[in-house]
Amino acid sequence: MPGLTIGDTIPNLEVETTHGKFKLHDFIGSNWAIIFSHPGDFTPVCTTELGKMAAYADEFEKRGVKLLGLSCDDIQSHKEWIKDIEAYTPGCKVDYPIIADPKREIIKQLNMVDPDEKDPNGNNMPCRALHIVGPDKKVKLSFLYPATTGRNMDEIVRVLESLQKAAKNKVATPVNWKPGEPVVISPSVSNDEAKKMFPQGFETADLPSKKEYLRFTKV
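Residues numbered from 1 in each chain as written. Predicted model: local features only at pLDDT ≥ 70, side-chain atom pairs only at ≥ 80, totals over all residues. Heavy atoms only, no water.

It is not clear to me how the nonpolar core should be interpreted in this structure. Could you clarify?
The nonpolar side chains of soluble globular proteins are, as a tendency, buried together. Counting 28 residues, the largest nonpolar core has Ile 34, Met 53, Phe 60, Tyr 96 and Ile 132 as its most contacted members. Elements that contribute at least two residues to this core include exactly strand E3 (32-37), helix H2 (44-55), strand E4 (65-71), helix H4 (75-88), strand E8 (128-133), strand E9 (139-145) and helix H6 (153-168). Residues in contact with Ile 132, not counting those within four places in the same chain, are Trp 32, Ala 33, Ile 34, Lys 138, Val 139, Lys 140, Leu 141, Ile 156, Val 159, Leu 160 and Leu 163. Grouped together as the second largest cluster of nonpolar side chains are 22 residues, Val 15, Ile 28, Ile 99 and Ala 129 included. (Core = buried A, V, L, I, M, F, W, Y, C linked by side-chain atoms within 4.5 Å. Buried < 20%, exposed > 50% of the residue type's maximum accessible area, 1.4 Å probe, protein only. Helix = DSSP H or I, 4+ residues; strand = E, 2+ residues; numbered from the N terminus. Contact = heavy atoms within 4.5 Å.)

So, in structure tokens, the structure goes:
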């Protein structure tokens, strides 16, 4: 993916949001952050997505994650649209800030431009992009969806927890992993080291190669 991608430091842009102006690095602080764009205010898929983001706010908060939305509409449009979002998803409050980007400069710097979608004036539209950013301000994971496909919040929570476990322990998460299931120990960790690092124990898969590289444990 061209432009900002995994491993890159998020640019420390000053942004105007529904919560006032701030710089991205100041907003993230020592937390994790999810920065996500939507193609436009008062659009159907985006309305369902931002409501569900708000509904999952407690799940993100308990994992030390801040949420930050973005589209090219202005602040007043965002504030009016939030009323629709909250009405459509009863019980949710959109307490996270949403960036305004009417000049379409921020979406370019954050690599959130849809290559095909244009507004009536021929201007580029934001794609349905999402960056998970670590406390070191580096992009840890990116999703890039077309405007027609809504995101899955359970998948966002799943990959976030995977990233946080990998950052804290020398582990990775196997195919179809879900929170609470066993993880795999990094091949860089010897069996002797694994016994010290994972006193709860681990199981090694018996493979034809007899190589002990597939080791499962709970963290």
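Would you mind showing me how to read the side chain of Lys 165 here?
Tracing the backbone through its elements, the reader meets Lys 165 in helix H6. For the buried Lys 165, no salt bridge exists, and the shortest N-O distance to an oppositely charged side chain is 4.2 Å, to Glu 161. Polar side-chain contacts of Lys 165 include one of 3.1 Å to the backbone oxygen of Val 219. The residues contacting Lys 165, other than those within four sequence positions of it, are Val 171, Trp 177, Val 183 and Val 219. (Lys, Arg positive; Asp, Glu negative; His and termini not counted. Salt bridge = Lys/Arg side-chain N within 4 Å of Asp/Glu carboxyl O. Polar contact = N/O pair within 3.5 Å; in protein donor to acceptor, adjacent residues only side chain to side chain.)

I tried to follow the domain arrangement of the protein on my own but got confused; where do I start?
Frequently, the measure chosen for interface size is the accessible area removed from exposure when the parts meet. Each assigned domain of the protein is listed with its residue range as follows: domain 1 (8-151) and domain 2 (170-217). If you average the C-alpha positions of domain 1 and of domain 2, the two centres end up 36 Å apart. (Domains from an automatic or database assignment.)

How should I be thinking about the packing of H2 against H4 in this particular structure?
If you want to describe how two helices pack, look at the angle between their axes and the distance between the axes. Closest axis-to-axis distance for the H2/H4 pair is 9 Å, and the angle between their directions is 70°. Between H2 and H4, the crossing angle belongs to the class labelled roughly perpendicular. Of H4, the residues touching H2 (which contributes Cys 46, Thr 47, Thr 48, Leu 50 and Gly 51) are Trp 81, Asp 84, Ile 85 and Tyr 88. Residue composition of the contact of H2 with H4, by class: five nonpolar, three polar and one charged. (Axes fitted to C-alpha atoms, helices over the stretch in contact; angles between N-to-C directions. Parallel < 35°, antiparallel > 145°, perpendicular 65-115°, else oblique. Nonpolar A, V, L, I, M, F, W, Y, C, P; charged D, E, K, R; others polar.)

Any chance you could explain the pairing of E4 here in plain terms?
Every regular strand shows the same layout, with side chains that alternate between the two sheet faces. With respect to burial, E4 is a largely interior element, six of its seven residues being buried. Here E3 runs beside E4; their pairing, made up of six bridges, is parallel. Bridge pairing in E4 places Trp 32 opposite Val 65. Pairing between E4 and strand E5 (residues 98-100): three bridges, direction parallel. From the neighbouring strand, Gly 69 faces E5, where its bridge partner is Ile 98. Read from E4 through H4 to E5, the crossover connection turns out right-handed. (Pairing = 2+ DSSP bridges. Right-handed = clockwise from strand over helix to strand, strands pointing away.)

Looking at this structure, I do not really get the environment of Ala 100. What am I missing?
Within the secondary structure layout, Ala 100 lies in strand E5. Sequence separation of Ala 100 and Met 112 is 12 residues, and the distance between their C-alpha atoms is 13 Å. When neighbours within four sequence positions are excluded, Ala 100 is seen to be in contact with Glu 16, Ser 71, Asp 73, Asp 74, Ile 75, His 78 and Ile 106.

Is there a simple way to think about the sheet that holds strand E13 (residues 215-217) in this case?
Two orientations exist for strands paired in a sheet by backbone hydrogen bonds: parallel and antiparallel. The four strands are arranged E10-E11-E13-E12 in an open sheet whose pairing can be described as antiparallel. Each end of this open sheet is capped by a strand with a single partner; those strands are strand E10 (171-172) and strand E12 (203-204). The pairing of strand E11 (residues 183-185) with E13 spans two bridges and is classified as antiparallel. When the bridges of E13 are listed, Val 184 appears paired with Phe 216.

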